[in-house]
Amino acid sequence: MPTSQPKTIYLSEYRVPDFLVDHADLRFELFEDGARVHSSLSIRRNPDSREQGSALELNGDSLTLESVHLDGRQLAPGDYDDRGELLVVPSVPDAFELQVVTWIEPQNNTRLEGLYKSSGMFCTQCEAEGFRCITFFPDRPDVMARFRTRIEADKAAYPVLLSNGNPVDSGELDNGRHFVTWEDPFPKPSYLFALVAGDLVEKTDTFGTMSGREIDLRIYVEPRNAEKTAHAMDSLKRSMRWDEETYGREYDLDIFMIVAVDDFNMGAMENKGLNIFNSSCVLARPESETDMAFQRVEAIVAHEYFHNWSGNRVTCRDWFQLSLKEGFTVFRDSQFSADMGSPTVKRIEDATLLRTAQFAEDAGPMAHPVRPASYMEISNFYTLTIYEKGNEVVRMIHTLLGPERFRKGSDLYFERHDGQAVTTDDFVRAMEDASGRDLGQFRLWYEQAGTPVLAVEDDYDEASQVYRLTVTQSIPDTPGQSGKKPQHIPFALGLLDTKGADIPLTLAGEQSTGETTRVLELTETSHTFEFTGIASRPVPSLLRNFSAPVRVNYPWTRDQLMFLMSHDSDGFNRWDAGQRLAVEVIRELSGHAEAEVDPRLVEASRTLLNDREADQALVAKMLQLPTEAYLIELADKPDVQIIHHARERVLKVLATALREELLACYRRQQPAEPYQVTPEDVASRSLRNMALSWLLHIGDQEALTLALEQFEKATNMTDQAGALRALVNSPFEAERGQALEAFYQQWHQDPQVVEQWFSIQAASPVAGDLPSVRRLLEHEAFDWKNPNKIRSVVGAFAGQNLVHFHDQEGSGYQFLAETIRRLDDSNPQIAARLAAPLTRWRKFAHVYSEGMRKALESVRDKEGLSRDVYEIVHKSLAD
Ligand code: BES
Ligand code: ZN
């Protein structure tokens, strides 16, 4: 733990490694009071390094060194230097065998990096720099070794022993112990190493690949979760087939394993052949998990599986290139989810996350480019920018090249770089080489931070039937970057005629093609486009399908927005028009409690509720009001309390005016049994639960009866939790308490459901005031060592319960600061992630920003702050 300022690492200082590791032979002796790790590395000097006489330096963290041998000869303490974070051997030959024995204590590892214990099982998490907590190693992704791993443990307590690759040996040892040896034929960086030892049940299946090989699929879980693996297994098989069909990528080992663990910092991890998952991201069955959880499991299983090519076969040269694997893989998993469900709904979900959370990150003190230029702690850079903006950047390449040329580009990328550790620039070059397109200016998307803003102006000339559109881009300054160059932006648009039909788009000087959606390419600060043959003033539909991660400003009237909502042929923009309308209506009420709610919003919502022809999945999305978080992101110096109350008012006016329609909708939307996660059924349940929650929000008695009945009779968690959430957020105090109690009694043995139960309360403006949230921390089911529990209480409170978190006395901020200080010692990664809401302090109105700053300062002043929290707090307090 640093007491002084941690070091900043710069991309510009990248040097190839001085030493390479060809083989890593590991032997783990696992015991209850610790583990001994015997490592035997075949090392040679890197011919590409300029430092041919340099000392060998291996990374280490929290290791007890027991012995070092070089080519079989034990080194005396004077022959090496154990500097804690670095093991230095000053004089080594050009090629040699290094044997190191270390002692570690997985049972005391609360950081959950490296080797640790979770509910009685041993497991690992090595990305990004966890392998150095296991043994001394050049722990950087451009050092790729063939691993052989022997695990020894007590046979009764740990019958299952797993690592990467294929099992090649196993047998009995003395004292009731046994061993299994695994060999991974693919060279890999240390961050993809994994080990699991536990008493687990195995669920198996097989997959026949496109070249006719049969792969063994295995999901390992604790016995109590044996009934929750079917959905993940189906998702895995669909992912494997999809990657063959869409990218021509076949799985390469004979076994693919997934393990579920309860204590995990992240969602899941793509270790070669042995993916390790947070239980909440892999276990699902209808009775205990919601539709959202089912969709999340499918997407995450796909994501980690897709990494086998985009990440493992072709990996990152250094951690500045993180988006090379994460951005591309998120793009691949969103394409997959779009293909499995509703593409428009998936696009809306991705854009919502981006516009709410990534835009906020990009406008705050932690803003950084998709390929950052520096960092202190790499764990802090698993961000929305790396993931979601990185996804959008790949998507824009896909849009600019078209699907065929994009596929040629990805084929070339995988073929050219198979087995290598490469850069985002290598990715872009493969796309250029395969397509013949110049992406020179496009590369700025990787280098410049900040969200581009497009200001759009138009003008229509009836006499010449010309419609002129001027688009001006600007990119705001971000920490360390100002005076940005214009970026290459694919800007998709359409024009609607007075009847709402798409107008064929012909630019001045062009032959008409009949196309009604065009992707214009913005490369300069300002462009004017002239569309000819436009018979009357059109309504523009801009940035169709959200073709670029930018903000668009255009002065649509509310009537034009209503018009787009019902006529735009682009589903995404129909939704977006509704959002823009709602944002305006809510904004108009902010600070004017008595002002009337624009009846146009009520009528637009009524039309949607009554529309049985429309795609119900889209209707369900369109009826959702913009979240408080999004309204805050859009506002300048927002007053959270005012925004909250304005939005509440609109919700109440809508629910009151549309009572009959909502009841009718509730009765109509009854998905057929058996439970299925199809877009239609998901939409049905979501509309039904929305109707219920709106009506309970205004204290409707009939809705109360419906909610209680739904709560009791539900056969799936979407309906049961939907009813519970509606009750918890209703004014019916007695029923709220009874439902919460009954739910806990029913589900207290299922940690995933208890996490739901925690977060429904912690996120509730009604039940989640600070004293109640503090009581949740005292609850028997709460556990400070379990990241999911912390997220479901503290994360849900600070991230979703904005009216209480932004209490004007600052008590919510102090509570969060207290939690961060407490977790900083035990789990700095989680502590640093929890700090995100406070980092945006400068954005808020003065009454809020002062309290947020004070809370940050109280974290800054803690003794022995971790590097993780140090970086976040210092960067957000810097001038
Ligand atoms: N490689 C990451 C997991 C990871 C992240 C390990 C940060 C160490 C530090 C994995 O592929 C991933 O991205 N997981 C996501 C879920 C995914 C669907 C976006 C996660 O864990 O949240
Ligand atoms: Zn990933």
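Quantities reported herein were computed from a predicted structural model and do not represent experimental measurements.

Novice: Account for the overall build of the protein, with residues named and values stated.
Specialist: Broken down by element type, the protein carries 28 helices and 32 strands. Relative to the globule expectation of 29 Å for 879 residues, the C-alpha radius of gyration of the protein, 28 Å, shows essentially globular dimensions. The principal-axis extents of the C-alpha atoms in the protein amount to approximately 90 × 70 × 60 Å. Sorting the 879 residues of the protein into buried and exposed places 60% on the buried side. Put simply, of all contacts in the protein between residues at least 6 apart along the chain, 71% involve residues at least 24 apart. Of the accessible surface of the protein, which amounts to about 33,300 Å², a share of 47% is contributed by carbon and sulfur atoms. Across the protein, 93 positive and 137 negative side-chain charges occur, with their mean positions spaced 1 Å apart.

Novice: Can you explain the pattern of salt bridges? Please cite residues and give values.
Specialist: Evaluated as defined, the whole model comprises 80 salt bridges. The residue Asp-252 makes a salt bridge to Lys-272 at a minimum N-O spacing of 2.7 Å. Of this pair, Asp-252 sits in the loop between α1 (230–247) and β20 (255–261) while Lys-272 sits in the loop between β21 (268–269) and β22 (274–278), and the two are 20 residues apart along the sequence. Lys-272 shares its class with Asp-252; the two are buried. Here Arg-606 ties to Glu-603 by a salt bridge, and the two come within 3.0 Å at their closest N and O atoms. Of this pair, Arg-606 and Glu-603 both sit in helix α11 (residues 599–610), three residues apart, which is roughly one turn of the helix. One continuous salt-bridge network, built from bridges that share partners, spans Arg-558, Asp-559, Glu-584, Glu-588, Asp-598 and Arg-600.

Novice: Residues and numbers for the sheet that holds strand β31 (residues 539–542), please.
Specialist: Across a sheet, paired strands are connected by hydrogen bonds in the backbone, their directions being either parallel or antiparallel. Pairing in this open sheet of three strands is antiparallel, and the strands run β29-β28-β31 from one edge to the other. Edge positions in the sheet fall to β29 (518–522) and β31, since each has one partner strand and no second. With direction set aside, neighbouring strand axes in the sheet form an average angle of 35°. Relative to β29, strand β28 (residues 489–496) runs antiparallel, the two being bridged by five bridges. Within the sheet, the bridge partner assigned to Pro-490 lies in β29 and is Glu-521.

Novice: Before we move on, can you summarise the nonpolar core with the specific residues and values?
Specialist: Residues Phe-427, Phe-491 and Phe-531 are the most contacted members of the largest nonpolar core, which totals 204 residues. When residues in this core are grouped by element, the largest group, nine residues, is from helix α10 (residues 571–589). In contact with Phe-531, other than residues within four places in its own chain, are Gln-465, Val-466, Tyr-467, Leu-469, Leu-493, Leu-495, Leu-505, Thr-506, Leu-507 and Leu-520.

Novice: Which residues make up the coordination of the zinc ion (ligand 2), and what values go with them?
Specialist: The zinc ion (ligand 2) binds to the protein through His-303 (NE2), His-307 (NE2), Glu-326 (OE) and Glu-326 (OE), with metal-donor distances spanning 1.9 to 2.7 Å. With six donor atoms in place around the zinc ion (ligand 2) and angles of 54 to 162° between them, the coordination shape is irregular. All donors to the zinc ion (ligand 2) come from one chain, and their sequence spacing reads H-x3-H-x18-E. One end of the pair, His-307, is in the loop between α2 (291–306) and β23 (315–316); the other, Glu-326, is in helix α3 (residues 322–340), with 19 residues separating them in the sequence. For the pair shown, His-307 and Glu-326 are each scored as buried.

Novice: If you had to explain the site of ligand 1 to someone new, which residues and values would you point to?
Specialist: Of all residues adjacent to ligand 1, which total 15 residues, the nearest are Glu-127, Gly-267, Glu-270, Glu-304 and Tyr-387. Contact between ligand 1 and Glu-127: a nitrogen atom at 2.6 Å from a side-chain N or O atom of the residue. Between Glu-326 and ligand 1, the recorded distance is 3.0 Å, taken from a side-chain N or O atom to a nitrogen atom. Here ligand 1 has 510 Å² of accessible area as a free molecule, and 87% of this is covered by the chains. When residues of the shell around ligand 1 are assigned to their parent elements, the largest contribution, three residues, is made by α2. Split by residue class, the shell around ligand 1 holds six nonpolar, four polar and five charged.

Novice: So what's going on with the packing of aromatic side chains? Which residues, and what values?
Specialist: In the structure shown here, the tally under the stated rule is 42 aromatic pairs. A centroid spacing of 6.0 Å and a plane angle of 35° characterise the contact between Phe-137 and Phe-147, whose relative ring orientation is tilted. Here Phe-137, found in the loop between β11 (121–125) and β12 (144–154), pairs with Phe-147, found in strand β12; they are 10 residues apart in sequence, far enough to count as distant. On the basis of relative accessible area, Phe-137 is assigned to the buried category, the value being 1%.

Novice: If you had to explain the side chain of Glu-29 to someone new, which residues and values would you point to?
Specialist: Looking at where Glu-29 falls in the secondary structure, it is placed in strand β2 (residues 19–31). In this structure, Glu-29 is buried with no salt-bridge partner, the nearest side chain bearing the opposite charge being Arg-36 at 4.0 Å. Among the polar contacts listed, one links the side chain of Glu-29 to the side chain of His-38, at a separation of 2.7 Å. In this view, Glu-29 contacts Gly-34, Ala-35, Arg-36, His-38, Glu-152 and Arg-177; residues no more than four positions away in its chain are not counted.

Novice: Explain the state of the cysteines to me, using residue names and the numbers behind them.
Specialist: Disulfides are covalent bonds that link the sulfur atoms of two cysteine residues. Under the definition given, this model contains zero disulfides. Looking at Cys-133, it has no disulfide partner, and the nearest cysteine sulfur is the one in Cys-126, 8.2 Å off. In this structure Cys-281 is a free cysteine whose sulfur lies 14 Å from that of Cys-123, the closest cysteine sulfur available. For Cys-281, a relative accessible area of 7% gives the class buried.

Novice: Got a sec to walk through the packing of helix α14 (residues 640–657) against helix α15 (residues 659–668)? Specific residues and values, please.
Specialist: The contact between α14 and α15 brings their axes to 4 Å, and the two run at 75°. Accordingly, the angle class assigned to the pair α14 and α15 is roughly perpendicular. Within the contact between the two elements, α14 uses Ala-655, Thr-656 and Ala-657 and α15 uses Arg-659, Glu-661 and Leu-662. Here the contact of α14 with α15 is built from residues that sort into three nonpolar, one polar and two charged.

Novice: How would you sum up α10? Please name residues and give values.
Specialist: Taking 1.5 Å of rise per residue, 19 residues should cover 27 Å, and α10 covers 28 Å from first to last C-alpha, within 8% of that figure. Of all the 19 residues making up α10, 14 are buried; the element is thus mostly covered by neighbouring parts of the structure. Of the residues trailing α10, Gly-591 is marked for its positive phi of about 85°.

Novice: An account of the sheet that holds β21 is requested, with residue identities and associated values reported.
Specialist: Strands sit in the order β18-β19-β20-β22-β21 across an open sheet of five strands; the sheet is mixed. Across the chains shown, the open sheet's two edge strands, defined by having one partner strand only, are β18 (201–208) and β21. In terms of strand pairing, β18 meets strand β19 (residues 214–221) through eight bridges, oriented antiparallel. Within β19, the position partnered with Thr-204 by the bridge is Arg-218. Here α2 sits on the sheet and contacts β20, β21 and β22; the angle it forms with β22, its principal contact strand, is near 150°.

Novice: Give me the lowdown on the pairing of strand β14 (residues 166–172), citing residues and values where you can.
Specialist: The sheet contact formed by β14 and strand β15 (residues 177–183) spans six bridges and is antiparallel. Bridge pairing links Pro-167 to Trp-182 in β15.

Novice: Explain the packing of α14 against helix α16 (residues 679–697) to me, using residue names and the numbers behind them.
Specialist: Taken N-terminus to C-terminus, the directions of α14 and α16 make an angle of 105°; their axes are 9 Å apart at the nearest point. Compared by their axis directions, α14 and α16 come out roughly perpendicular. Across the interface between the two elements, Glu-648, Leu-651, Lys-652, Leu-654 and Ala-655 of α14 pack against Trp-694, Leu-695 and His-697 of α16. Looking at the contact of α14 with α16 residue by residue, the classes come out as five nonpolar, one polar and two charged.

Novice: Account for unusual backbone geometry, naming residues and giving values.
Specialist: Most peptide bonds adopt trans geometry, and most residues besides glycine take a negative phi value. Looking along the chain, the bond that leaves Glu-127 and enters Ala-128 is cis, with omega of -5°. For the bond running from Glu-673 to Pro-674, omega is -5°, close enough to zero to count as cis. Structurally, Pro-674 is set in the loop between α15 and α16. Of note, the phi angle at Ser-62 is positive, near 55°, even though the residue is not glycine. Within the secondary structure, Ser-62 is located in the loop between β4 (56–59) and β5 (64–70). You will see that Lys-637, though not glycine, has its phi angle at about 45°, which is positive. By secondary structure assignment, the location of Lys-637 is in the loop between α13 (628–634) and α14.

Calculation notes
Residues numbered from 1 in each chain as written. Chains lettered and ligands numbered in written order. Predicted model: local features only at pLDDT ≥ 70, side-chain atom pairs only at ≥ 80, totals over all residues. Heavy atoms only, no water. Helix = DSSP H or I, 4+ residues; strand = E, 2+ residues; numbered from the N terminus. Rg over C-alpha atoms; globule rule 2.2 N^0.38 Å. Buried < 20%, exposed > 50% of the residue type's maximum accessible area, 1.4 Å probe, protein only. Contact = heavy atoms within 4.5 Å. Areas by Shrake-Rupley, 256 points an atom, 1.4 Å probe, with all protein chains shown as cover. Lys, Arg positive; Asp, Glu negative; His and termini not counted. Charge placed at Lys NZ, Arg CZ, Asp CG, Glu CD. Salt bridge = Lys/Arg side-chain N within 4 Å of Asp/Glu carboxyl O. Pairing = 2+ DSSP bridges. Axes fitted to C-alpha atoms, helices over the stretch in contact; angles between N-to-C directions. Core = buried A, V, L, I, M, F, W, Y, C linked by side-chain atoms within 4.5 Å. Donors = N, O, S within 2.8 Å, 3.2 Å for Na, K, Ca; no water. Tetrahedral: all angles 85-135°; square planar, octahedral: opposite > 155°, others 65-115°. Near = heavy atom within 4 Å. Polar contact = N/O pair within 3.5 Å; in protein donor to acceptor, adjacent residues only side chain to side chain. Nonpolar A, V, L, I, M, F, W, Y, C, P; charged D, E, K, R; others polar. Phe/Tyr/Trp six-rings, centres within 6.5 Å; stacked < 30°, edge-to-face > 60°. Disulfide = S-S within 2.5 Å. Parallel < 35°, antiparallel > 145°, perpendicular 65-115°, else oblique. Expected span 1.5 Å × (residues − 1).

Scope: geometric values only; no functional claims are made or implied.
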